Amino acid sequence: MLSFLVRAMGRAGMVKPSSLVRPVAVTRVTGRYLAHQESLPKLPVPALKQTCERYLAALEPIVEEEELQHTRQLIEEFQQTGGVGERLQKSLERRATKTENWLSDWWLKVAYLDFRMPVVVHSSPGVVLPRMEFNDRQGQMRFAAKLISGVLDFKTMIDNETLPVEYLGGQSLCMNQYYQVLSSCRIPGTKADSVKNYAQSRRPPTHITVVHNFQFFVLDVYNSDGTPLTVDQIYRQLEKIWNSSLQTNKEPIGILTSQDRNTWGKAYNTLIKDKTNKESVHAIQKSIVTVCLDAPMPRVSDELFRSRAAVQMLHGGGSRWNSGNRWFDKTVQFIIGEDGSCGLMYEHAPAEGPPIIKLIDHVVEFMKKSEMVRTPMVPLPMPKKLRFNITPEIKKDIEKAKQNLNIMVQDLDVRVVLFPHFGKNVPKSHKMSPDAYIQIGLQLAYYRMYKVCCATYESASLRMFRLGRTDTIRSASIHSANFVKTMDDPAIQNMEKVSLLEKAVKGHRAYTDMAIRGQAIDRHLLGLKLQAIEDLTSLPEIFMDTSYAKALHYNLSTSQVPAKTDCVMCFGPLVPDGYGVCYNPMEEHINFAVSAFNSCEDTNASGLAQALEAALVDMRDLLEQTPKAKL
C-alpha cells in the first residue's frame, strides 16, 4: 500500500500500490532505449470544469444529499470566471510547461517522503510467490543462489538499456521506474526522507547484502573482470555466510527501520555517529538488493500457508521471528524461508508494482532454465560481515522498535485466497473487462456487508506520460451503486439486473481509460490544492469540506497487479476502518490478498474475502442464467 497527501488538510488518506490496469504488450527494442523517453507526451492538466463535474459525480454514491448540496455550492464558487479555481488552474498549467511532469516531484514528496508513518504495513507491499518444495538450508540456499543469478541477469538488461519497452493500447510507456529499483534505498530524515539511487553513481555497486539470523553480509556478485558469479559460486558464498552466522542471539539492528519515520530518523542519526556503523549502513543502502534468509515461521495448515507467507513478506512475523532479518528502507528485499516460503517486499517511493512484477517474472523464468554447473574452484574471498557497535542508547531504540513492531504485527490480519471457480476467462466470455468485473464484485461484496457504498481507490498507471506514476480509478460510481442496490432485490427482474451490471462494468472501463489518459480527478484536485499551498493563498473551501475528507477516506484500497507468475501482491489498509485488496487474475483462477486491522471491530479480512467470492460467483450465475436478449 502506500501513503497519500491531503495531509495539509488533516491527514485524510493514503494510496496503494499501483499496477497497470491491464497487462501490457512488450516489444524488444535494441540500442540505448531510454532515448524513447523524449518522445513520450507530458502529463496533461485536465480542464477545470471537467474535473469539477466528475468530482460531483464521484461523490454522489458516497455522501449524503445534504452534504452534496453544500459541495455543489462550493464547487460553483470555486470554478467561477476569474475565481480562485481559475487562478490555481492557470498556475498549474504554467508549472506543466516548465517541468517534465507537473505531478511527479510533488507526488514523491507528498505520498512517500513526507509520510511519517512506518513504511512497514502502511506503505510497503509484499509479494507472495508459490511455495517451494525445499525443507532444508541446502535447498533454501540453492534457490537463493539461482534467484540472485536471475536478478543479475535482469540487471544486465537495465545496465545495457536493452530492457523491452512496454506498450499499452499501442502507446509506448515510460520506463523510468525500472532504473530506480536496483541499487537504491530510502534514507530516513527527522522531518522528511530522501531516496538515493547508487546505480547512477560514478562507481555503481557490485554487491548485494545478505541477512541471516539478523546479521548482515556484503556479498560481491561480480568477478574482477565484470562478469557475474555463477550460480554455483554464489551458492558456495551463501554457505560461508550461513556457517558464520549461526548465533541466534544477535541484536536485530534492522528492526530499527520499522519505526515511524521521525523516530527512525533520530535513531539513524545516533546510529551513524559511529564510523563502523556508518560504513555498515552505507553498504546496505548501496547494495543492488537485499536477500533475507529467513528462519522457519510457526507451522500452519496448508490452507493458511499463503496467508502466513503474506505477513512474513509484509513485516516478518514479529521480533521473535524474522522482522529483524530486514532492512525495511531497501527498495527490493527478496525473502527466502527455510520452510519454502518465498517472495519479496519493496519500499514504494521509487516505483509502483509493474517493474517489481516484471523483475519477478524474469527471475522465475530464469530459474526454470538455470542449472547449477560446477565451476572451477577459483578461491573467492570470504563475504564481509557488517559490524555494528551497539551503545546503550541504540539498544534502547531497538527495544522500543521491537515493541512497536509487535503491536503492528498483532493488529494486521491478512487473508490470501485462491479463487478457484474461474479467472479472466468468464468475464472475457461475456465481453467484460476482467478488472472491471472484479471491481464491481468488490462493490457488491462491500455493500452486502455494510449496506452502504464507500470511497474506493484503484490505482491506474500514468506511464503513458513521461515520469508518470499513478492516478485513482474511483470504482464506487453511480452505475455500480445502482447495480449493487438491486442485485439482491427479488422484485427486480434478472434482465434488468444484467443490464445494470453491464452498465457498471462499462462505466468502470470508461473511468479506467480516462484515468490512464491523464483525465481523472484525484491528482488534478491534489495539484490545485498543492498549488494553493505553494502560492501561499488560503486553502479553498472545497478542500476543507467534509465531502472531500469522505472522498479520500478509502475504506476499500485496491489494486490489480497482473503477473505471469502465479503470485499475489499484498498491502495493508489505507485507513483504520478499511481494507487493502490486491489481486492477480490468471486465466482460470484469481489470487486475492485481503487485509484489515484487528483493532477495528467493523472490519474482517476473512469476511470480505468470503463475500467477494460469493459476489463473483453470483454475478457469473446471473449472467449465465439470464437468457440473452437485446437489452
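First things first, this report covers the structure right here in the doc. What you see is a predicted model; the values in this text were computed from it and never measured. (Residues numbered from 1 in each chain as written. Predicted model: local features only at pLDDT ≥ 70, side-chain atom pairs only at ≥ 80, totals over all residues. Heavy atoms only, no water.)

### Some points on empty space enclosed by the protein
Over the atoms a probe the size of a water molecule is rolled, and this reveals where empty space is left. Rules: For cavity detection a 1 Å grid was placed over the protein atoms alone, and a set of points counts as a cavity when a 1.4 Å probe fits there but cannot get out; an open set counts as a pocket when protein lies on both sides within 12 Å along at least five of seven lines, with lining residues being those that have an atom within 4 Å of a point. Grid points are joined across faces, edges and corners, and a volume is the space filled by probe spheres set on the points. Residues were grouped as follows: Ala, Val, Leu, Ile, Met, Phe, Trp, Tyr, Cys and Pro as nonpolar; Asp, Glu, Lys and Arg as charged; and all remaining residues, including Gly, as polar. The helix and strand labels rest on DSSP assignments: H or I over at least four residues marks a helix, E over at least two residues marks a strand, and numbering proceeds from the N terminus.
In total, this model carries 2 cavities of 30 Å³ or more according to the counting rule given. In this structure, the largest cavity spans a volume of roughly 50 Å³. Residue classes in the lining of the largest cavity are distributed as 6 nonpolar, 2 polar and 2 charged. Forming the boundary of the second largest cavity are V128, L129, P130, R131, F305, R306, A309, S341 and C342. The greatest single-element share of the lining of the second largest cavity, amounting to 3 residues, is contributed by helix α10 (residues 302–315). A per-class count over the lining of the second largest cavity returns 6 nonpolar, 1 polar and 2 charged.

### A look at helix α2 (residues 48–59)
The test is simple: Helices are assigned an expected span. That span is 1.5 Å times one less than the residue count. Note on contacts: a residue pair is in contact if any heavy atoms of the two residues lie within 4.5 Å.
For α2, with 12 residues, the first-to-last C-alpha span of 17 Å sits near the 16 Å given by 1.5 Å per residue. On its buried side, α2 packs onto α3 (65–78), α4 (84–98), β17 (470–474), α17 (522–534) and α18 (546–551).

### Quick word on the packing of aromatic side chains
Heads up, the rule is: Pairing of aromatic rings covers Phe, Tyr and Trp, the last counted by its six-membered ring, and requires centre-to-centre distances within 6.5 Å; plane angles under 30 degrees mean stacked, over 60 mean edge-to-face, and any other angle means tilted. Relative accessible area decides the class of each residue, using a 1.4 Å probe on protein chains only: under 20% of the type maximum gives buried, over 50% gives exposed, and in between gives partly exposed. Our definition puts a charge over a ring when NZ of Lys or CZ of Arg is within 6 Å of the ring centre and also within 35 degrees of the ring normal.
According to the stated counting rule, one finds 15 aromatic pairs in the structure shown. Residues F154 and Y178 carry aromatic rings whose centres are separated by 6.5 Å and whose planes lie at 40° to one another, so their mutual orientation is tilted. Of this pair, F154 sits in helix α6 (residues 137–160) while Y178 sits in the loop between β6 (171–172) and β7 (184–187), and the two are 24 residues apart along the sequence. Both residues of the pair, F154 and Y178, belong to the buried class. Geometrically, the ring pair formed by F419 and F592 is edge-to-face, given 6.3 Å between the ring centres and 85° between the ring planes. In this pair, F419 sits in strand β15 (residues 412–419) while F592 sits in strand β21 (residues 590–597), placing the two residues 173 residues apart along the sequence. On the accessibility criterion, F419 (0% relative accessible area) is buried. Ring-pair connections join several aromatic residues into one group, and the members of that group are F419, F422, Y437, Y583 and F592. The aromatic ring of F305 is capped on one face by R131, whose charged end is 3.6 Å from the ring centroid.

### Topic: the side chain of N555
In plain terms, the rule: What qualifies as a polar contact is a pair of N or O atoms within 3.5 Å, subject to a donor-acceptor requirement within protein and to the restriction that residues adjacent in sequence count only when both atoms come from side chains.
With respect to the secondary-structure elements, N555 resides in the loop between α18 and β18 (556–560). Reaching out from N555, the side chain makes a polar contact with the backbone oxygen of D577 at a distance of 3.1 Å. Those residues in contact with N555 that sit more than four places away from it in its chain are Y446, C454, A455, V575, D577, G578 and Y579.

### Re the packing of helix α8 (residues 261–271) against helix α12 (residues 392–411)
For clarity, the cut-off: Here an axis means a line fitted to C-alpha atoms, over the contact stretch when the element is a helix, while the angle between two N-to-C directions is reported on a 0 to 180 degree scale. Here the angle decides the label: under 35 degrees means roughly parallel, over 145 means roughly antiparallel, 65 to 115 means roughly perpendicular, and every other value means oblique. Two helices that cross are described as forming a left-handed crossing if the nearer one is turned anticlockwise from the farther one by less than a right angle, and a right-handed crossing if clockwise.
As a packed pair, α8 and α12 sit with axes 10 Å apart at the nearest point and diverge in direction by 155°. Of the possible angle classes, the one that applies to α8 and α12 is roughly antiparallel. In terms of crossing hand, the pair formed by α8 and α12 is left-handed. Here T263, A267, T270 and L271 of α8 lie close against α12, whose contacting residues are E393, I394, D397 and K400. Here the contact of α8 with α12 is built from residues that sort into 3 nonpolar, 2 polar and 3 charged.

### Some thoughts on the sheet that holds strand β16 (residues 456–461)
Whether parallel or antiparallel, the strands of a sheet pair through hydrogen bonds between backbone atoms. This is how the line gets drawn: DSSP bridges decide pairing: two strands pair if at least two such bridges lie between them.
Pairing is mixed across the open sheet formed by 6 strands, whose spatial order is β15-β21-β20-β18-β16-β17. In the strand order of this sheet, the two ends are held by β15 and β17, each with one partner. The sheet shows a mean angle of 25° between the axes of neighbouring strands, direction not considered. As paired elements, β15 and β21 share 8 bridges and run antiparallel to each other. In the sheet register, V414 faces β21, and the bridge partner there is S595. Most of the contacts of α10 go to β15, to which it runs at about 130°, and overall it touches β15 and β21.

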